[in-house]
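# A closer look at the structure
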Amino acid sequence: MVRIPRVTALTVAGVVLASITGCSPQQDSTVAPAPATSASCVKEDLPTRTPGTLTIATDQPAYQPWFVDDKPDNGEGFEAAVAYAVAGKLGYTPAEVTWTRVKFDSAIAPGPKEFDFDINQFSITEERKQAVDFSAPYYLVRQTVIALKSSKIAGKTSLADLRGARLGAQVGTTSYQAITDVVAPTVKPQVYNSNDDAKKALQNGQLDGLVVDLPTAFQITSSEIEDAVVVGQLPQVGSPEAFGLLLDKNSPLTGCVSDAVGKLTNEGFFKQLEQRWLAEEAGAPELR
């Protein structure tokens, strides 16, 4: 099983500092950089909710490997480090960042937001872009099926093997959409308010398989559910799925946040974080 390594907050801070000062020459070719914005991205000109402060949101609980110990402000975990790096590019120190908690489905719903941007494994979709803004992508993702070793789908290798299975995912996620659009099961898929609820259903035998993103799949199977295994990755359909920072619709910050993400992409910062926090994709075959 693959275990996701932990690093200290000091190490993450070092990586963030290196990216902010442009010390990393590595180029990330997997994510296209965002176009430069014409708006002023000087900190003093940014219309944040609280002047001089950047308010960042995420869900509660916030799961590993994206966050550690459900404490976004400790800077540990892939998305915590991304958030602080983007804040740094915008001119905010860690002390000038404040965190708030917003449920996933509330964040993607239409309406005013109580944050400057939200980071919570939000896949960028055309449907969601009708209600909210997204930054340039910071991570390309694959959806993955996990199951208990005793499940009838453990060891299966094709989508056809999954079509009669009881599958589930968190509400409002592209994991659920992948079940309906890619697997197209003959059994109605189950939907849950959180991944915790979905994991309990899997452990209790109410599901044959659970669909989550690849890093989360490795986290669950390596350290959360002892007898769980990765069945395989679901095929990409259309454009690669990507995570972006979520902002209010037509937010005046969108251009500057995208510009910050693009700069970090060019510096290879996200690739460095992937190597530290996200499991390698070996051992997760594609289901065909």
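Treat the numbers as computed from the prediction; the structure is a model and nothing was measured. Here, residues in each chain are numbered from 1, in the same order as that chain's written sequence. Whole-chain, interface and lining totals are the exception, using all residues; otherwise, since this is a predicted model, local features are given only for residues with pLDDT of at least 70 and side-chain atom pairs are given and counted only at 80 or more. Each side-chain value is derived from all of the structure's non-hydrogen atoms; neither hydrogens nor water enter the calculation.

### Overview of the overall build of the chain
What counts, and what does not: Each helix is a run of DSSP H or I of at least 4 residues and each strand a run of E of at least 2, with the numbering of both proceeding from the N terminus. Contact definition: two residues touch when any of their heavy atoms are within 4.5 Å. Note on areas: these come from Shrake-Rupley sampling with a 1.4 Å probe, and a residue is covered only by the protein chains present in the view.
Looking only at helices and strands, the chain features eight helices and ten strands. Nonlocal contacts in the chain, meaning residues at least 24 apart in sequence, comprise 76% of its contacts between residues at least 6 apart. Looking at the chain as shown, the accessible area adds up to about 12400 Å², and 50% of this sits on carbon and sulfur atoms.

### Observations concerning the packing of helix H2 (residues 78–89) against helix H7 (residues 254–266)
Applied cut-off: To get an axis, fit a line to the C-alpha atoms, keeping to the stretch in contact for a helix; angles then go from 0 to 180 degrees between the N-to-C directions. In these notes the angle categories are as follows: under 35 degrees is roughly parallel, over 145 is roughly antiparallel, 65 to 115 is roughly perpendicular, and the rest is oblique.
Close contact between H2 and H7 brings their axes to 9 Å; oriented N to C, the two are set at 110°. Our classification of the angle between H2 and H7 gives roughly perpendicular. Contacts between H2 and H7 involve Ala85, Val86 and Lys89 on the former and, on the latter, Val257, Ala260, Val261, Lys263 and Leu264.

### Side note on the pattern of salt bridges
Convention followed: Counted as salt bridges are all cases of a side-chain nitrogen of Lys or Arg within 4 Å of a carboxyl oxygen of Asp or Glu. The classification of residues rests on relative accessible area computed with a 1.4 Å probe and restricted to protein chains. Under 20% of the type maximum is buried, over 50% is exposed, and intermediate values are partly exposed.
Summed over the entire model, instances satisfying the criterion amount to 13 salt bridges. Across the pair Arg101 and Asp70 runs a salt bridge, and its minimum N-O distance is 3.0 Å. Residue Arg101 is located in strand E2 (residues 97–101), and its partner Asp70 is located in the loop between strand E1 (54–58) and H2; the two are separated by 31 residues in the primary sequence. Take Arg101: its relative accessible area is 28%, and that puts it in the partly exposed class. Under the relative-accessibility criterion, Asp70 is labelled partly exposed at 25%. In this structure, Lys263 engages Asp259 in a salt bridge whose closest nitrogen and oxygen atoms are separated by 3.4 Å. Separated by four residues within a single helix, Lys263 and Asp259 lie in helix H7, roughly one turn from each other. Relative accessible area serves as the criterion here: at 14%, Asp259 is assigned to the buried category.

### With respect to the state of the cysteines
Using the following cut-off: Cysteine sulfur atoms that come within 2.5 Å of each other are treated as a disulfide pair.
Counting across every chain of the model gives one disulfide. Note on cysteine connectivity: Cys41 is disulfide-linked to Cys256, with sulfurs 2.1 Å apart. Between Cys41 and Cys256, the disulfide has an S-S torsion of -90° and is therefore left-handed. With Cys41 in the loop between helix H1 (9–20) and E1 and Cys256 in helix H7, the pair connects residues that are 215 residues apart, well separated along the chain. Take Cys256: its relative accessible area is 3%, and that puts it in the buried class.

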